[in-house]
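# Fold and contact review
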Amino acid sequence: FPSHDNGILQARVNLSRVGVFPYVYSDGRIVKEAKLPEELFSQSTIESANGAVITDQHPEIKTDSDNGLVNNSNYQVLSKGNVYNVKRDSEFLAGMEKIYDAGLRQKIESGEQVQVSIGFTADIDWTPGEYNGERYDCIQKNIRINHVAHVDQGRAGEACRVLLDSKQISNYAYRDWE
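In this report, we go over the structure that sits alongside the text. In this numbering scheme, every chain counts its residues from 1 along its sequence in written order. With the structure being a predicted model, the display of local features is reserved for residues of pLDDT at least 70 and the display and counting of side-chain atom pairs for 80 or more, all residues being used for whole-chain, interface and lining totals. Side-chain metrics rest on all non-hydrogen atoms present in the structure, leaving aside hydrogens and water.

### Some thoughts on the overall build of the chain
Numbering of helices and strands starts at the N terminus; helices are DSSP runs of H or I of at least 4 residues and strands are runs of E of at least 2. On a plain count of helices and strands, the chain comes out with 5 helices and 12 strands. In what follows, residue pairs with any heavy atoms lying within 4.5 Å of each other are defined as contacts. A fraction of 69% describes how many contacts in the chain between residues 6 or more apart in sequence connect residues 24 or more apart. Only the protein chains shown count as cover for residues, and all accessible areas are computed by the Shrake-Rupley method using a 1.4 Å probe. When the accessible area of the chain is evaluated, it comes to approximately 9,300 Å², of which 44% is carbon and sulfur surface.

In structure tokens form, the structure reads like this:
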């Protein structure tokens, strides 16, 4: 890993992780939302991630009705690859990615966009609580992954990233993903 069959980059990727994450709402509030293991690692969330489109940055929100997700009218422009073989790996939702787009491949290999951020929908349960000693305002439930964006800096931190070389792989629990 990574492999470059026909110019296609194929590598292992940590897509998301459990934890408490800040989200800025349209009214300026900062809300701490929890991604709990039972939600992030549910069978339906994993199934939604398998085959998810990989994008170069998140899609823009251009109108009030546009939700920044990949759909049948923008897929051809946004799609740079796909995610597959998604499963739980410790605190991570992880899998394999294939990048077909030469421009995004170059950005990844140069280190410019190795972090990833999931684009998803979720139901918000406004029950506050605590996860691993950190307070949260609400829980993301019924998480459905729409796309995986390669970004400069993701909300889930630098551990949610593509794993490009043996030095990076040695920092993580590595398993046969094929």
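### Section: the pattern of salt bridges
Between Lys or Arg on one side and Asp or Glu on the other, a salt bridge is scored when a side-chain nitrogen of the former is within 4 Å of a carboxyl oxygen of the latter. Taken as a whole and assessed by the stated rule, the structure comprises 7 salt bridges. Between D27 and R29 there is a salt bridge whose closest N-O contact spans 2.9 Å. Here the term buried applies to any residue with accessible area under 20% of the maximum for its type, exposed to any over 50%, and partly exposed to those in between, with areas from a 1.4 Å probe on protein chains only. According to the relative accessible area criterion, D27 is exposed, its value standing at 52%.

### Overview of the environment of R88
Take R88: it is sitting in strand β6 (residues 81-89). Sequence separation between R88 and P37 is 51 residues, and the spatial gap between their C-alpha atoms is 9.4 Å. Not counting residues within four places of it along the chain, the set of residues in contact with R88 comprises P37 and F41. For this analysis, a polar contact is any N or O atom pair within 3.5 Å, provided that within protein one partner can donate a hydrogen and the other can accept it, and provided that sequence-adjacent residues contribute only side-chain to side-chain pairs. Separated by 2.9 Å, the side chain of R88 and the backbone oxygen of S90 make a polar contact.

### Focus: helix α4 (residues 102-109)
One side-chain oxygen of the residue at the start of α4 lies 3.2 Å from the amide nitrogen of G103, identifying that residue as D101. Positive backbone phi, at 90°, marks G111, one or two positions downstream of α4.

### Structural notes on the environment of N14
Looking at where N14 falls in the secondary structure, it is placed in strand β2 (residues 8-17). Using a relative accessible area of 0% as the deciding quantity, one classes N14 as buried. Between the alpha carbons of N14 and C160 there is a distance of 4.7 Å; along the sequence they are 146 residues apart. In terms of polar contacts, N14 uses its side chain to reach the side chain of R12, at 2.8 Å.

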